[in-house]
Amino acid sequence: ALRLMRIDHVTTQRILFDFHGDTPLNPASNNKLLVGSAALDLLGSDYVFETRVILIGDALYLVGAGDPTLDGEGLRGLADQIAERVAIGSVAKIVVDESAFTTQTFGPGYRPEQTDEAYMAPSGAMSLAFNSVEITLYPIGKRKTAVTVEPPSTNLIIDNQARVGPGRLKVRSLAEPIGRTTLAIEGAIPNNRRGLTVRRRIHDPGRFSGGALAIALADATQSEPLPVEIGVLPPLDSSAEAETEAEVG
């Protein structure tokens, strides 16, 4: 819908063009203009998002503050910093603190059950890769397929039933079991070396991010991935044994 108007007087309006101007529609990407303007006004142009990692006792806290740009490469860089400064053998778990944001992960009017496409991903204070995952299928042999995901996370379950051959590929992102994301892959892909890549949203930003850090830390330290929990960082005092901060603007 497009509606242009000129204000001739403070109390009058003269419509220049109206095409279904009163039809209610989802504002979609137009909201980016409002959000961007509000962020610049409230935060300022020099604001830097901080994603903090703090070790308290045997718990490694991953504290999100709404960074919308953190991706798999950035998280692996953070894992390398942690590996250099923390004895990972003394860490029992990763605790994700996403309390900086509300628990409402979708905006009013959205019906997330209608699609699992990446463009309608949930939001969260601890987000990663736009809360979506890139899924690539490769043919192996004459009939079977293999799957890689980016970024990988212990929170993901991959159910690959796809084969090589004629047909269509169907990739669904399911919010099951509770707190995890299952990637259900069915159908077929052509037999070519490049494979086929699709992107789907995840369903629990905090646990997905924590699971991705668990894998990145395991790779950096040649250890097993740590379990992930959701929690809140306790007040900091002398018990805070180590802290690593990453700033991504």
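Because the structure is a prediction, the values reported are computed rather than measured. (Residues numbered from 1 in each chain as written. Predicted model: local features only at pLDDT ≥ 70, side-chain atom pairs only at ≥ 80, totals over all residues. Heavy atoms only, no water.)

A. Expanded view of the overall build of the protein. A count of helices and strands for the protein gives three helices and 14 strands. For the protein, the proportion of contacts with a sequence separation of at least 24, taken over those separated by at least 6, is 66%. Entry remark: accessible area of the protein is about 14700 Å², with carbon and sulfur atoms responsible for 53%. (Helix = DSSP H or I, 4+ residues; strand = E, 2+ residues; numbered from the N terminus. Contact = heavy atoms within 4.5 Å. Areas by Shrake-Rupley, 256 points an atom, 1.4 Å probe, with all protein chains shown as cover.)

B. Local environment of helix 2 (residues 72-85). Between the first and last C-alpha of helix 2 there are 20 Å, a value that for 14 residues agrees with the 20 Å anticipated at 1.5 Å per step. Turning to helix 2, its buried residues number three or more, namely Gly72, Leu75, Leu78, Ala79 and Ile82. Each buried residue of helix 2 lies within a common arc of 115° when the element is viewed along its axis, so the set occupies one face. Across helix 2 from its buried face, at more than 90 degrees, point the exposed residues Glu73, Glu84 and Arg85. (Expected span 1.5 Å × (residues − 1). Buried < 20%, exposed > 50% of the residue type's maximum accessible area, 1.4 Å probe, protein only. Arc of directions from axis to C-beta.)

C. Focus on the side chain of Asp116. Tracing the backbone through its elements, the reader meets Asp116 in the loop between strand 5 (93-97) and strand 6 (132-140). Here Ser173 takes part through its backbone nitrogen, which lies 2.6 Å from a polar atom of the side chain of Asp116. The contacts of Asp116, once residues within four sequence positions are left out, are Val171, Arg172, Ser173, Arg200 and Arg201. (Polar contact = N/O pair within 3.5 Å; in protein donor to acceptor, adjacent residues only side chain to side chain.)

D. A look at the pairing of strand 7 (residues 144-150). Summarising the sheet, strand 6 and strand 7 pair through seven bridges and their orientation is antiparallel. For Tyr138, the partnering residue across the bridge sits in strand 7 and is Ala146. (Pairing = 2+ DSSP bridges.)

E. Main features of the sheet that holds strand 6. Strand order in this open sheet of three strands is 7-6-12, and the pairing throughout is antiparallel. With one partner strand each, in any of the chains shown, strand 7 and strand 12 (196-201) form the two edges of the open sheet. Ignoring which end each strand starts from, the neighbouring axes of this sheet average 25° apart. (Axes fitted to C-alpha atoms, helices over the stretch in contact; angles between N-to-C directions.)

F. A nonpolar patch on the surface, seen in detail. Among the surface-exposed residues, Leu42, Leu43 and Tyr47 lie close enough to one another that they form a single nonpolar patch of about 320 Å² accessible area. Along the chain, Leu42 falls in helix 1 (residues 31-43). (Patch = residues over 30% accessible without salt bridge, like charges linked within 9 Å, V, L, I, M, F, W, Y side chains within 5 Å. Salt bridge = Lys/Arg side-chain N within 4 Å of Asp/Glu carboxyl O.)

G. Region of the structure containing the environment of Ala216. Within the secondary structure layout, Ala216 lies in helix 3 (residues 205-221). We classify Ala216 as buried; its relative accessible area is 8%. If near-sequence neighbours (up to four positions away) are discounted, Ala216 is found in contact with Arg76 and Ala79.

H. Representation of the pattern of salt bridges. Under the definition given, this model contains seven salt bridges. As a salt-bridge pair, Glu117 and Arg200 come within 3.4 Å of each other at their nearest N and O atoms. Taken together, the residues Glu117 in the loop between strand 5 and strand 6 and Arg200 in strand 12 connect sequence positions 83 residues apart. Judged by its relative accessible area of 31%, Glu117 falls in the partly exposed class. A relative accessible area of 12% means that Arg200 is categorised as buried. Between Arg199 and Glu134 there is a salt bridge, with its nearest N and O atoms 3.5 Å apart. Here Arg199, found in strand 12, pairs with Glu134, found in strand 6; they are 65 residues apart in sequence, far enough to count as distant. Where salt bridges share partners, they join Asp116, Glu117 and Arg200 into one cluster.

No statement about biological role is implied by the geometric values presented.
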